Amino acid sequence: MPRPLLIVSGTTLLRDSGTTARLETTIRASARVSPRPIVILGFESARLLVDPRAVFRRFRRFREIGCWFVPLPLYPQSGKGGRMLMTSIMAVFVAAASRALRPEYCIAVNADAGSSLRWVQRDVPRLLELHGIETLEWVAPSEAAMRARRAVERTAVAGADAIIAPTESGRSVVMEEHGFADTPPWFALPTISEPSSNASRAEARKRHLVYVGGLQPWQRVTDALDTLVELRRLAPWTMDLLTPDVDQAKALVSERGLVDAVTVDRVAPAEIHARIGGATLGLLLRDELPMNRFAWPTKFADYLHAGVPVLVTSALPDCAQIARQCGVGLIVESTAGPPGIAAAISEWAELADPELPSRCVETAKDRLGLDRAIEVYESVAELLSFDRAERVTSGCR
């Protein structure tokens, strides 16, 4: 029987999120590369673990895609000892699991879980999946919290034999943040999605924008709405704003007098592609922050799978590179305000290529589908298999 793959997560898996979607990609791609038992240690807050329906739903979902989910209570960061004690307790469980399972290799999801990699048996190669990085703009403004964050991230990166992250530019973010001269071998895997409909064949909606996502300040939804105000001075543009924060979104729309121009709704992940098909542009406005250089928004692939070109700001350099290379979107400077963005959209829309929706779908298939993830995990598996052989022959046990 092949040795198992051990996955450790310190980010909640009991709620649908980018982390759970990304982890499913990991599982599906790893299973295609080398079929083997997969065990997930999911450290969850006690508050979430008391919901048996959520636990069973996630357990059942992971069983459907071929792995065992073992939920464990997570010591709260707010408790005595804070984040450092929390990650130390995680490490005890991870060390015990690695001894009991003797995995082929171990994957840690994000920095908290990654900081426990150093406690995995020495002959087990260690892969860190760094889906995001906490940056100065978003961590609690206390010196103690900053020190803990830095220590956890540095330990996670230093303890890994390889790193998978959403973007290639994320490597420089990590190096700058922690003063590393280099990192372990780095593999860039964009956040992918799979097509769920024939939405790319939807009838084109002339002068229609779409935004899918949350309403955090760094997502610049207010700028998107102000851009629509500017566009409507030129032509009757409309917009779909699809968000879980419906009430807040409706208030923002009403403040700008856009009630008749913007449809605000909540949409299930499985329905996104069908809902947004035919739009003129999908919006991804971001500010110049390290977290944005590191990240790859899930909706970039969703837009393209639906045949919708993407407006992306230069703060997302890896996304902008694909948009430019493949001709599937419009890139604007991150410093541009609504008038400048509106002018760029208006000019771009006049030159729109009728083959653009098909090109978007092909780009998503070639660059942002499961086949791309399989390629990356094949390369990682080859590296880690070689690393394991080196460890064993050198006497590590």
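Residues numbered from 1 in each chain as written. Predicted model: local features only at pLDDT ≥ 70, side-chain atom pairs only at ≥ 80, totals over all residues. Heavy atoms only, no water.

**Describing a nonpolar patch on the surface**
Phase 1: Judged by side-chain polarity, Leu85, Ile89, Val92 and Phe93 come together as a nonpolar surface patch covering roughly 310 Å² of accessible area.
Phase 2: The topology assignment puts Ile89 in helix H4 (residues 82–101). (Patch = residues over 30% accessible without salt bridge, like charges linked within 9 Å, V, L, I, M, F, W, Y side chains within 5 Å. Areas by Shrake-Rupley, 256 points an atom, 1.4 Å probe, with all protein chains shown as cover. Salt bridge = Lys/Arg side-chain N within 4 Å of Asp/Glu carboxyl O. Helix = DSSP H or I, 4+ residues; strand = E, 2+ residues; numbered from the N terminus.)

**Here's the deal with the sheet that holds strand E8 (residues 208–212)**
Phase 1: Read from one edge of the open sheet, 6 strands run E10-E9-E8-E11-E12-E13, paired in parallel fashion. Of all strands in the sheet, those bounded by a partner on one side alone are strand E10 (262–265) and strand E13 (329–332). Taking the axes of each pair of neighbouring strands and ignoring which way they run, one obtains an average angle of 20° across the sheet.
Phase 2: For strand E11 (residues 281–284) and strand E12 (residues 310–313), the ladder comprises 3 bridges, and the chain directions are parallel. Bridge pairing in E12 places Gly282 opposite Val310.
Phase 3: Where helix H9 (residues 246–255) meets the sheet, it contacts strand E9 (238–242) and E10, and its direction lies at approximately 165° from that of E10. (Pairing = 2+ DSSP bridges. Axes fitted to C-alpha atoms, helices over the stretch in contact; angles between N-to-C directions. Contact = heavy atoms within 4.5 Å.)

**Some remarks on helix H12 (residues 298–305)**
Phase 1: Within H12, 7 of the 8 residues are buried, which leaves the element mostly enclosed by the surrounding structure.
Phase 2: All of the buried residues along H12 are Lys299, Phe300, Ala301, Asp302, Tyr303, Leu304 and His305.
Phase 3: Contact partners of the buried residues in H12: E8, helix H10 (272–276), E11, E12, helix H13 (317–326) and helix H15 (356–367).
Phase 4: Taken from the residues just after H12, Gly307 is the one with a positive phi, measuring 80°. (Buried < 20%, exposed > 50% of the residue type's maximum accessible area, 1.4 Å probe, protein only.)

**Quick notes on the side chain of Thr227**
Phase 1: Note that Thr227 resides in helix H8 (residues 221–231).
Phase 2: Setting aside residues up to four positions removed in sequence, Thr227 forms contacts with Pro338, Ile341, Ala342 and Ile345.

**Re the packing of aromatic side chains**
Phase 1: A complete count under the given rule lists 5 aromatic pairs for this structure.
Phase 2: Taken together, a centroid distance of 5.9 Å and an interplanar angle of 55° make the contact between Phe59 and Trp68 tilted.
Phase 3: Judged by its relative accessible area of 29%, Phe59 falls in the partly exposed class.
Phase 4: According to the relative accessible area criterion, Trp68 is partly exposed, its value standing at 46%.
Phase 5: Between Trp186 and Phe294, the ring centres sit 6.2 Å apart and the planes meet at 80°, which makes this aromatic pair edge-to-face. A residue pair is termed long-range when its members are at least 10 positions apart, and Trp186 in strand E7 (residues 186–188) and Phe294 in helix H11 (residues 290–294) qualify at 108 residues. Phe294 matches Trp186 in its accessibility class, with the two residues each being buried.
Phase 6: Positioned over the ring face of Phe62 is Arg58, at 5.9 Å from the centre of the ring.
Phase 7: If you follow Arg63 out to its NZ or CZ, it ends over the ring of Trp68, 3.9 Å from the centre. (Phe/Tyr/Trp six-rings, centres within 6.5 Å; stacked < 30°, edge-to-face > 60°. Lys NZ or Arg CZ within 6 Å of the ring centre and 35° of its normal.)

**So, unusual backbone geometry**
Phase 1: The backbone of Asn110 sits at a positive phi, close to 70°, despite the residue not being glycine.
Phase 2: On the secondary structure map, Asn110 appears in helix H5 (residues 110–114).
Phase 3: For Asn110, a relative accessible area of 13% gives the class buried.
Phase 4: The phi angle at Arg220 is positive, at roughly 55°, despite the residue not being glycine.
Phase 5: Looking at the element boundaries, Arg220 is found in the loop between E8 and H8.

**Let's talk about the nonpolar core**
Phase 1: Ranked by internal contacts, the top residues of the largest apolar core, which has 59 residues, are Met239, Leu241 and Val262.
Phase 2: Non-local contacts of Val262, meaning those with residues more than four positions away in its chain, are made with Leu225, Leu228, Met239, Leu241 and Val253. (Core = buried A, V, L, I, M, F, W, Y, C linked by side-chain atoms within 4.5 Å.)

**Some remarks on the sheet that holds E7**
Phase 1: Overall, parallel pairing links the 7 strands, which are arranged E3-E2-E1-E4-E5-E6-E7 in an open sheet. Each edge of the open sheet carries a strand with a single partner, namely strand E3 (68–74) and E7. On average, each strand axis in the sheet is inclined to that of its neighbour by 20°, with strand direction left out of account.
Phase 2: In this structure, strand E6 (residues 162–165) lies alongside E7, joined through 3 bridges in parallel fashion. The residue of E7 that forms the bridge with Ile163 is Trp186.

**Structural notes on the environment of Phe180**
Phase 1: Looking at the element boundaries, Phe180 is found in the loop between helix H7 (170–178) and E7.
Phase 2: We classify Phe180 as buried; its relative accessible area is 18%.
Phase 3: Taking C-alpha positions, Phe180 is 24 Å from Gly10, a pair spaced 170 residues apart along the chain.
Phase 4: The contact partners of Phe180, leaving out residues within four places of it in the chain, are Arg154, Val157, Val174 and Met175.

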